[in-house]
Amino acid sequence: MVGNQRPKSRSYKKLRTIEPLHTGGPVAITSDGSNIITCVSGEALFTDIKRSRLLCRFSSDDQSITSLCLTPDASHLVTFTDASSLRLFKIPKTFTGQHVPPSRVTARPHDAPVHVCAVDPTSTYLASGSADGVVKVWELSTGHVTHVFKGHGGVVSALKFNFPRNESLVQHERVAQLITASVDTKIRVFDLTATLRNDQGALRPIVVLEGHDSVPRGLDVTPDGKWLVSGGRDAVVLIWDMTFSGATLGQSKSKSKDLVTNLTPVKTIPVLERVEAVGFVHCDRSGSATTVDQCLFTAGEKGIVKIWDWKGALLRHLGTSWEQEQEEQRQVLEAMYVPTLEAVLSVHADQNIFIHSVASGKLTQQLIGFNDEIVDAAFLSPTICPSNASASNDCDSYIALATNSSLIRLYSTLGSSVQLLPGHSDIVLSLDRSASGRSFASGSKDNSARIWAPSKSSAASTQWSCVALCEGHAGSVGAVAMSRTLRDNDTRLQFLLTGSQDRTIKMWDLSDVPLKCGSQQVLKCRSLMTFKAHEMDINSLDVAPTDQLLASGSQDRTANIYEILYHPSSGARPPSGEIKLLGTCKGHKRGVWSVKFGRTERILATGSGDKTIKLWNLQDFTCVKTFEGHANSVLRVDFINDGTQLVSSGSDGLVKLWSTKEEECTTTLDNHEDKVWALAVSTDERVIVSAAADSVVTFWGDCTEEYEQEREAKRVEQVLKEQDFVNYIALQDYRRAIELALSLQQPGRLFSLFRDIRSSVKHSSTTKGSVTGDLAVDEVLRSLSGQDLAQLLQYVRDWNSNAKTSGVAQSVLYAMVKLRPIEDIVSAFGGESLEALSSEISPRKQAGGRTAFKDLVDSLIPYTQRHFSRLERLVQESFVLDYILSEMDGEIFEGDGHLVADASMIHANEGER
């Protein structure tokens, strides 16, 4: 077992992140339905819908976007911000997730915030309506204002261009209209071509439609321009005949000043809800209003899209009906029809975006805009994972998230599919998966727990639904733990344990809960026992791998260990179960947020608000090890690598990996800006998922083996290069030796090489005409690239700072200055000009604008001056020595001739004697 153990996971890399897609604001979709534009914190995101991939970002300088629109040809994006600015962006041709700057910015396009805007079908004109009741029409190519329409009785609530195209007419006469709606409940139609004819009152509406009792929020016209539909917050939809004089294609405009302004709608449809969006659904693709198949859609406060026929009959609902108390959170804020997809896109108040097919009524695409604060996560598998989990692609193919919502989010780890699971009536607080990973349990603030099971076995299209309900707690269910084993050949669940704010633990029998969701009703589970566990809220529960022990962590700073006694039903005997307290783990100074049993050993890990992780011996319930390193509360903890390592997350936004043997942190993973409440480890322990209160989900992949292979390959390459260096030195191939030493970044070997060359100058036959003592070395220094030249000069600077190595440094520096033009040396450090280097610069520029080459020169000069001063002192001291020697007894130190004369004189004196 030990021989097959994987190496310790010290290296992790970010595999994937799930970030906020839409936090509120306007939404736009391309005409082909492939890409969508959403708003996140002052930025507009351009996203591929099918692959859920961010294509690019459009920045608005951290100003909230109040309105945006996309041209029909998807060439430009227009945004208005609360700082009263108009920004025009050009959609790039290639996408790398880049930030796209605006091509044009118009300051103060209106005197009040702009809440609605629209682009005409030809992508030529832009209309914008502000809160002061002014509507402006802009020419997109130049940014010039072509029309200014005033007179609206308050905030402009809706805009729609009417550029009808009727190919049946022989003489094609241009009609261009702008339809507006405002809070004065009136709908106005303006003729954009009247200014070209110099008509009197060209900036006044040609007709005013009155029929709503509240603000109209949606406008739409048929492609032939004959019919107009409007919907408002008065819960009615009105259909208007646009064939009045001068309003449609091919009719005379000579009598436009005599138009009747009190037209009545031809059809009133009561929809019994506040309407936020309305539009025609062109079922037959021709758009003719005379066809029987022509219908329309409405969306509003009830959170669903409704399809109506011309007679006012409700044909179908698109979406799920919500409870009355949840309608405010689910209401539709914006909706639009996508003809290419034959579907309706709806944007809801909880930042979720749905695309429903009109023909089938089914949900074809779902985008979760904002997960808010993520509090728990669990891996799910549509099929039972084999013992070798890595051999199955279906294993851990989904991740379930509990967020600050009553809806459970399910993300596919293999693709981009997303699901929302309704069922709870309040925020979901906790999740836990079953032993097989197919079913999971959830605990909520609605004082209940639910069991969820898949309805299909295919991993690509698995749908989970609620199959069982556990009700009985008097407080929020903040912790759930399912049994870790299955019985009857993995076909039946056993039990569920829940911990609540009522400080009790309940055991529920799950033996009758199905593992697959069918058409059966939700089963109500029976509670087997209730145990008063702690004096404060229960934060965490965990069941041992053998289903024999239970651990609970509480705000009372303790963790309790219980024995689980569960007896399944047998014949006529009903199932029974209870837990018995075995011991209490005391030692934390703050509340215990997480408890986790080891997978192979009888050991328990706890994470606490006192910033520590403790390991407990389950024999005597004593603390055996304490891990410190988090800067704030430890919120989640888990074992990996057969208990040799721990992974933890905390309120400091960090995920840490610990070695249980050395009691030290081996890796810190940082990709969050808030508390990391959720931590999940895959079955094969190769992937760690962390999710935080910043709405970001991060997938971390174990890449230790990859890094070890890369490190081994680099080590082998290093050994081979070092052997080549030794061989080049032996062959006196200094050129290749210097180049290799520079590539290896080994200044010690390079110094030894230059020192040996310098010492062997007298014995070399290649010193004639050489600056360094070897012609090959001269050629290398003369042909060094800019990067290698800069690197060698930095080595020279380091050698020059030491008196023992300064001789080699000065000789190399002299050779480089002698062999290379000064321009080459300067350009190697970033290309500063000689004038800039030689000119006198101000102290302010010296403090903040120093260049790399000037820094090098400034560091070489003082040490070089010190070395020359030292040599001058040595020369001066040598003259003193010569003077002393010359003043001593000179006869002893004179030449050989003097010594001989002295000897002859001595012999002569002796002869006289």
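Refer to the structure above for everything that follows.
Residues numbered from 1 in each chain as written. Predicted model: local features only at pLDDT ≥ 70, side-chain atom pairs only at ≥ 80, totals over all residues. Heavy atoms only, no water.

**As for the overall build of the protein**
Alright, step 1. For the protein, the count of helices and strands is 13 helices and 58 strands.
Alright, step 2. Accessible surface for the protein amounts to roughly 42,600 Å². Of this, 49% is attributable to carbon and sulfur atoms. (Helix = DSSP H or I, 4+ residues; strand = E, 2+ residues; numbered from the N terminus. Areas by Shrake-Rupley, 256 points an atom, 1.4 Å probe, with all protein chains shown as cover.)

**Describing the environment of Phe440**
Alright, step 1. Along the chain, Phe440 turns up in strand β36 (residues 440–444).
Alright, step 2. The class of Phe440 is buried, set by a relative accessible area of 0%.
Alright, step 3. Along the chain, Phe440 and Trp452 lie twelve residues apart, while their C-alpha atoms are 5.4 Å from each other. (Buried < 20%, exposed > 50% of the residue type's maximum accessible area, 1.4 Å probe, protein only.)

**Considerations on the pattern of salt bridges**
Alright, step 1. Evaluated as defined, the whole model comprises 26 salt bridges.
Alright, step 2. For Glu19, the salt bridge is made with Arg57, and the minimal N-O distance between the two is 3.8 Å. Residue Glu19 is found in the loop between β1 (12–18) and β2 (28–29), and its partner Arg57 is found in strand β5 (residues 53–59); the two are separated by 38 residues along the sequence.
Alright, step 3. Among the salt bridges present, the one from Lys596 reaches Asp542, with a minimum N-O distance of 3.7 Å. Of this pair, Lys596 sits in strand β48 (residues 592–597) while Asp542 sits in strand β44 (residues 538–543); the two residues are 54 residues apart in sequence, bridging distant segments of the chain.
Alright, step 4. For Lys596, a relative accessible area of 21% puts it in the partly exposed group. (Salt bridge = Lys/Arg side-chain N within 4 Å of Asp/Glu carboxyl O.)

**Observations concerning the packing of helix α6 (residues 786–800) against helix α7 (residues 806–819)**
Alright, step 1. It is at 8 Å that the axes of α6 and α7 come closest, and there the two elements cross at 145°. Of the two possible hands of crossing, α6 and α7 adopt the one that is left-handed. Counting all contacts with α6, which are made through Leu789, Leu792, Leu793, Val796, Trp799 and Asn800, the residues of α7 involved are Ser806, Ala809, Gln810, Val812, Leu813 and Met816.
Alright, step 2. Of the residues assigned to the contact of α6 with α7, the class counts are nine nonpolar, three polar and no charged. (Axes fitted to C-alpha atoms, helices over the stretch in contact; angles between N-to-C directions. Left-handed = near helix turned anticlockwise from the far one by under 90°. Contact = heavy atoms within 4.5 Å. Nonpolar A, V, L, I, M, F, W, Y, C, P; charged D, E, K, R; others polar.)

**Let's talk about the sheet that holds strand β6 (residues 65–70)**
Alright, step 1. If you trace the four strands from one edge of the open sheet to the other, you get β6-β7-β8-β10, paired in antiparallel fashion. Every interior strand has two partners, whereas the edge strands, β6 and β10 (104–107), have only one. Strand-to-strand, the axes of this sheet are offset by a mean angle of 15°, without reference to chain direction. (Pairing = 2+ DSSP bridges.)

**Some remarks on helix α4 (residues 747–759)**
Alright, step 1. Between its first and last C-alpha atoms α4 spans 18 Å; for 13 residues at 1.5 Å apiece the expected length is 18 Å, and the two agree.
Alright, step 2. Among all positions of α4, only Leu750, Phe751, Leu753, Phe754 and Ile757 are buried. Looking straight down α4, one finds that the buried residues subtend no more than 160° of arc, so they occupy a single side. (Expected span 1.5 Å × (residues − 1). Arc of directions from axis to C-beta.)

In short, geometric facts, not functional conclusions.
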